[in-house]
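Descriptive analysis of the structure
Spelled out, the chains give:
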Amino acid sequence: MALRKQSLAQQTANTLYEMIADDGLWRPGDQLPNENELSARLGISRATLREAIRLLTAQGVLTAHRGKGTFVAPDAVLQGQCALGDLSPLMRSRLRDLFEVRMLFEPELAAMACRRASEAELEHILSLGATVEQVIRAGQDRTEYDQAFHQAIVSAAHNGFLIRLAPIINRAVTEAIQVRGPEVELEEITLQDHALLMEFIRARDARGARQAMAIHLRRAILHLGLHEEGDPLD
């Protein structure tokens, strides 16, 4: 899946947003460090930092006061659910990056899990998948259970380096659910895709599991509106 290459300023804006929204380094109303300190901390030029701040200011995340400095906007919306039409370019960019990483690795992780999982690990994956289904049908928040399901697949692949991808996968799951909330269509997609994926995992069909995971991610990308016009989704 080809995605538009980001500028350094956009990457810096993403990093700053993560430092605010995810790491909690600054809260609404807090002042950011001065340009010299912050640019040195991020390893970028002051010009790049200014452009990143301009992007975040346009998104309502930051506010600049001449002679005083740059602050996190008091009314900044840093997390929570929002409709697709309200999805800002910055949030869309973050989600697109996260799903691009998932597309690169998760289908192969599913295949590796089929080949390497112990019987206990296999049953654990299937049990978590069943729990996700129950939670969705009960209309409850599935974030924690969905993360555990994907984490179990990553762990069963038995690759120490790829296990480090788990936080990226968890963040993608969390943000995708926050963006769309308990939307019926998205939940139905998850039910269908997980059922197919578990069928292949149960049979230890690595090729089928790889394809099922890729299909799941492609459908999520399309439904979340993260693809760019002309992007190949294969």
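Before reading on, note that the structure itself is shown above.
Residues numbered from 1 in each chain as written. Predicted model: local features only at pLDDT ≥ 70, side-chain atom pairs only at ≥ 80, totals over all residues. Heavy atoms only, no water.

Overview of the overall build of the chain
A count of helices and strands for the chain gives nine helices and two strands. Its helices and strands in sequence order give the chain the pattern α-α-α-β-β-α-α-α-α-α-α, from N to C terminus. Burial analysis of the chain (234 residues in total) assigns 47% to the buried set. Taking contacts inside the chain between residues at least 6 apart in sequence as the whole, the part at least 24 apart equals 73%. (Helix = DSSP H or I, 4+ residues; strand = E, 2+ residues; numbered from the N terminus. Buried < 20%, exposed > 50% of the residue type's maximum accessible area, 1.4 Å probe, protein only. Contact = heavy atoms within 4.5 Å.)

Side note on the pairing of strand S2 (residues 69-72)
Taken together, the four bridges between strand S1 (residues 62-65) and S2 define a ladder with antiparallel strand orientation. Pairing of Thr63 across the sheet is with Phe71, part of S2. (Pairing = 2+ DSSP bridges.)

Section: the environment of Phe200
Position of Phe200 relative to the elements: it lies in helix H8 (residues 184-202). Exposure remark for Phe200: the relative accessible area of 22% places this residue in the partly exposed category. Note: C-alpha distance between Phe200 and Arg210 (10 residues apart in sequence) is 8.9 Å. The contact partners of Phe200, leaving out residues within four places of it in the chain, are Cys114, Asp205, Gly208, Ala209 and Ala212.

Here's the deal with the pattern of salt bridges
Following the criterion strictly, the structure yields 11 salt bridges and no others. Arg46 serves as the salt-bridge partner of Glu35, at 3.1 Å between the closest nitrogen and oxygen. Taken together, the positions of Glu35 in helix H2 (residues 35-42) and Arg46 in helix H3 (residues 46-58) put the pair 11 residues apart, joining distant regions of the chain. Judged by relative accessible area, which is 26%, Glu35 ranks as partly exposed. Here Arg142 ties to Glu187 by a salt bridge, and the two come within 2.5 Å at their closest N and O atoms. Remark: Glu187 occurs in helix H8 and Arg142 occurs in the loop between helix H5 (119-137) and helix H6 (143-156); sequence separation between them is 45 residues. Of the two residues, Arg142 and Glu187, neither departs from the other in class, the shared state being buried. Salt bridges sharing common partners tie together Glu35, Arg46 and Arg50. (Salt bridge = Lys/Arg side-chain N within 4 Å of Asp/Glu carboxyl O.)

Looking at the packing of helix H1 (residues 8-22) against H2
Where H1 meets H2, the closest approach of the two axes is 12 Å, and the angle between their N-to-C directions is 100°. Relative to H2, the element H1 is oriented roughly perpendicular. From H1, Thr12, Thr15, Leu16 and Met19 reach across to H2, where they touch Leu38, Arg41 and Leu42. Of the residues assigned to the contact of H1 with H2, the class counts are four nonpolar, two polar and one charged. (Axes fitted to C-alpha atoms, helices over the stretch in contact; angles between N-to-C directions. Parallel < 35°, antiparallel > 145°, perpendicular 65-115°, else oblique. Nonpolar A, V, L, I, M, F, W, Y, C, P; charged D, E, K, R; others polar.)

Let's talk about the packing of H1 against H3
Helix packing geometry: the angle between the two helix axes and the distance between the axes. Close contact between H1 and H3 brings their axes to 8 Å; oriented N to C, the two are set at 65°. Like other packed secondary-structure pairs, H1 and H3 cross with a definite hand, here right-handed. Contacts between H1 and H3 involve Leu8, Ala9, Gln10, Thr12, Ala13, Leu16 and Tyr17 from the former and Thr48, Leu49, Glu51, Ala52, Leu55 and Leu56 from the latter. (Left-handed = near helix turned anticlockwise from the far one by under 90°.)

Notes on the nonpolar core
One finds Phe99, Ile125, Phe149, Ile153, Leu197 and Ile201 to be the most contacted residues of the largest nonpolar core, which totals 34 residues. Looking at this core, the elements with two or more residues in it are helix H4 (89-116), H5, H6, helix H7 (166-180), H8 and helix H9 (206-224). Not counting the four nearest positions on each side in its chain, Phe149 is found in contact with Ile125, Leu128, Gly129, Val132, His194, Leu197 and Met198. The next biggest cluster of nonpolar side chains, apart from the first, holds 17 residues, and it includes Ala13, Ile20, Leu32 and Val72. (Core = buried A, V, L, I, M, F, W, Y, C linked by side-chain atoms within 4.5 Å.)

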